[in-house]
Amino acid sequence: MGYVVRYGRMRILGACHDASGAEHSRGRRVVVRSDRGVELGEVLCPLTDRAAKALEQREPGEILREADAADLQHEQTLPEQEKAAFATCREFISRRRLQMNLVDVEILFGRERIIFYYLAEKRVDFRELVRDLARALRTRIEMRQIGVRDEAKLLADYGDCGKPVCCNTHLSQMPPVSMKMAKIQKTTLDPSKISGRCGRLKCCLRYEYDAYREAEKTLPPNGARVETAKGRGRVVALDVLAGRLVVEFEDGRRIIIAAADVLSVEPRSRGPRRPDAETDDETDSDAGFDE
């Protein structure tokens, strides 16, 4: 029987099968063998066809057993070991003068390997560092370069909303986010107010974006010429959720009207596209804001 199991510091979602046929309830802690080694995980749900399609393409894992008191007690010893391994790695980095910033360390439950997460602006030759760590820690070493969003996933706690950050709770992948998503939702464009703990645009800007886009399709676009019961004018602003328009009439008046009050919309002539026109592809990146 298969289950979706969450495991690892990066909250990996994987398909794990129990050859014994034992049933596991949601939230049950289990010991699994993943493609990384033996780990402690948490059962989320049975592995349905729909759930399997949503998972990352990883090698299927195996549920070895339900975690017992001894397993949970062993888990409590890992943070101290990780703290010591972090200090050891940082010392070797400093000794070899490597241009990298160590972020976190993860020791697998079965200690088959130790994973070091780091930030670096350029490619780092860490072959000698790996040899140093393997000799000192006597296990397989994996160095994994991450971005600032992954750093927040590892270290951040709470967001501006007062709740645990999404990347460290339910998000398994970081969605692309653009400034256009903030604009259509009438959110402030101040980068300091729409940036998450990672310094990039907040992931939650994407959550309602598709609904806004669908609602926007029912309204005349900005700049469109419209005919209303109060005269002919031009759309200068939209309130997407309320379904209202700000129309500027030929005599200079600006009036808020409902979309239902528009009698007709004149088709706009499509002129040459400005080089600086915004597209849906304008997503934020690790390079920061362009605005």
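Details of the structure are given in the entry above.
### Focus on the side chain of Thr228
Logical step 1: Residue placement: Thr228 occurs in strand 9 (residues 225-228).
Logical step 2: Accessibility expressed as a relative area gives 5% for Thr228, which makes it buried.
Logical step 3: Within the structure, the side chain of Thr228 is placed 3.1 Å from the backbone nitrogen of Lys230, a separation counted as a polar contact.
Logical step 4: With residues up to four places along the chain from it excluded, the contact list for Thr228 reads Phe249, Ile257, Asp261, Val262 and Leu263.

### Re helix 2 (residues 69-96)
Logical step 1: In a regular helix each residue adds 1.5 Å, so 28 residues correspond to 40 Å; helix 2 covers 42 Å between its end C-alpha atoms and thus fits that length.
Logical step 2: Those residues of helix 2 that fall on the buried side of the exposure criterion are Asp71, Leu78, Glu82, Ala85, Phe86, Cys89, Phe92 and Ile93.
Logical step 3: As for helix 2, its buried residues are in contact with strand 3 (29-33), strand 4 (38-46), strand 5 (61-66), strand 6 (101-107), strand 7 (113-119) and helix 3 (127-137).
Logical step 4: Capping the start of helix 2 is the job of one residue whose side-chain oxygen sits 3.2 Å from the backbone nitrogen of Ala70: Asp68.
Logical step 5: One or two positions beyond helix 2, positive phi appears at Arg97, with a value near 55 degrees.

### Section: the packing of helix 2 against helix 3
Logical step 1: Where helix 2 contacts helix 3, the two axes come as close as 10 Å, and the packing angle between them is 140 degrees. By crossing handedness, the relation of helix 2 to helix 3 is classed as right-handed. Contacts from Ala85, Thr88, Cys89, Phe92, Ile93 and Arg96 of helix 2 reach helix 3 at Glu128, Leu129, Asp132, Leu133, Ala136 and Leu137.
Logical step 2: Looking at side-chain class alone, the contact of helix 2 with helix 3 contains eight nonpolar, one polar and three charged residues.

### Comments concerning the sheet that holds strand 9
Logical step 1: Taken in spatial order, the five strands of this open sheet run 12-11-10-9-13, and their pairing is antiparallel. Either end of the sheet is taken by a strand with one partner, and the two such strands are strand 12 (254-258) and strand 13 (262-266). Averaged over all pairs of adjacent strands, the angle between their axes in this sheet comes to 40 degrees, without regard to strand direction.
Logical step 2: Here strand 9 pairs with strand 13 via four bridges, running antiparallel. Counted as the bridge partner of Glu227 is Ser264 from strand 13.

### Some thoughts on the pattern of salt bridges
Logical step 1: In this structure the tally under the stated criterion is 26 salt bridges.
Logical step 2: For the salt bridge of Asp71 with Arg65, the shortest nitrogen-to-oxygen distance reads 2.8 Å.
Logical step 3: Relative accessible area serves as the criterion here: at 37%, Arg65 is assigned to the partly exposed category.
Logical step 4: As a salt-bridge pair, Asp132 and Arg135 come within 2.7 Å of each other at their nearest N and O atoms. One end of the pair, Asp132, and the other, Arg135, are both in helix 3, three residues apart, so they sit about a helical turn from each other.

About the cut-offs
Residue indices follow the written sequence of each chain, beginning from 1 at its first position. Totals for whole chains, interfaces and linings use every residue, but because this is a predicted model, local features are given only for residues with pLDDT of at least 70 and side-chain atom pairs only at 80 or more, for both listing and counting. With hydrogens and water stripped out, all remaining heavy atoms of the structure feed into the side-chain values. A helix here means a DSSP run of H or I that spans at least four residues, while a strand means a run of E at least two residues long, and both kinds are numbered starting from the N terminus. Here's how the labels work: a residue is buried when its accessible area is under 20% of the maximum for its type, exposed when over 50%, partly exposed in between, all with a 1.4 Å probe on protein chains only. Distance and chemistry together define a polar contact, namely a pair of N or O atoms within 3.5 Å, with one atom able to donate a hydrogen and the other to accept it when in protein, and with adjacent residues in sequence counting only for side-chain atoms on both sides. Contact criterion: two residues are considered in contact whenever any of their non-hydrogen atoms come within 4.5 Å of each other. The span you would expect from a helix comes to 1.5 Å times its residue count less one. Fitted lines through C-alpha atoms serve as axes, helices being fitted only where they are in contact, and the angles separating the N-to-C directions of these axes extend from 0 to 180 degrees. Crossings are classed by handedness, with left-handed meaning an anticlockwise turn of the near helix from the far one by less than a right angle and right-handed meaning a clockwise turn. In this count, Pro and Cys sit with the nonpolar residues alongside Ala, Val, Leu, Ile, Met, Phe, Trp and Tyr, while Asp, Glu, Lys and Arg are called charged and the others, Gly among them, polar. Any two strands with at least two DSSP-identified bridges between them are counted as paired. One speaks of a salt bridge when a side-chain nitrogen belonging to Lys or Arg is within 4 Å of a carboxyl oxygen belonging to Asp or Glu.

From the geometry alone we can't say anything about function, so treat these as descriptive.
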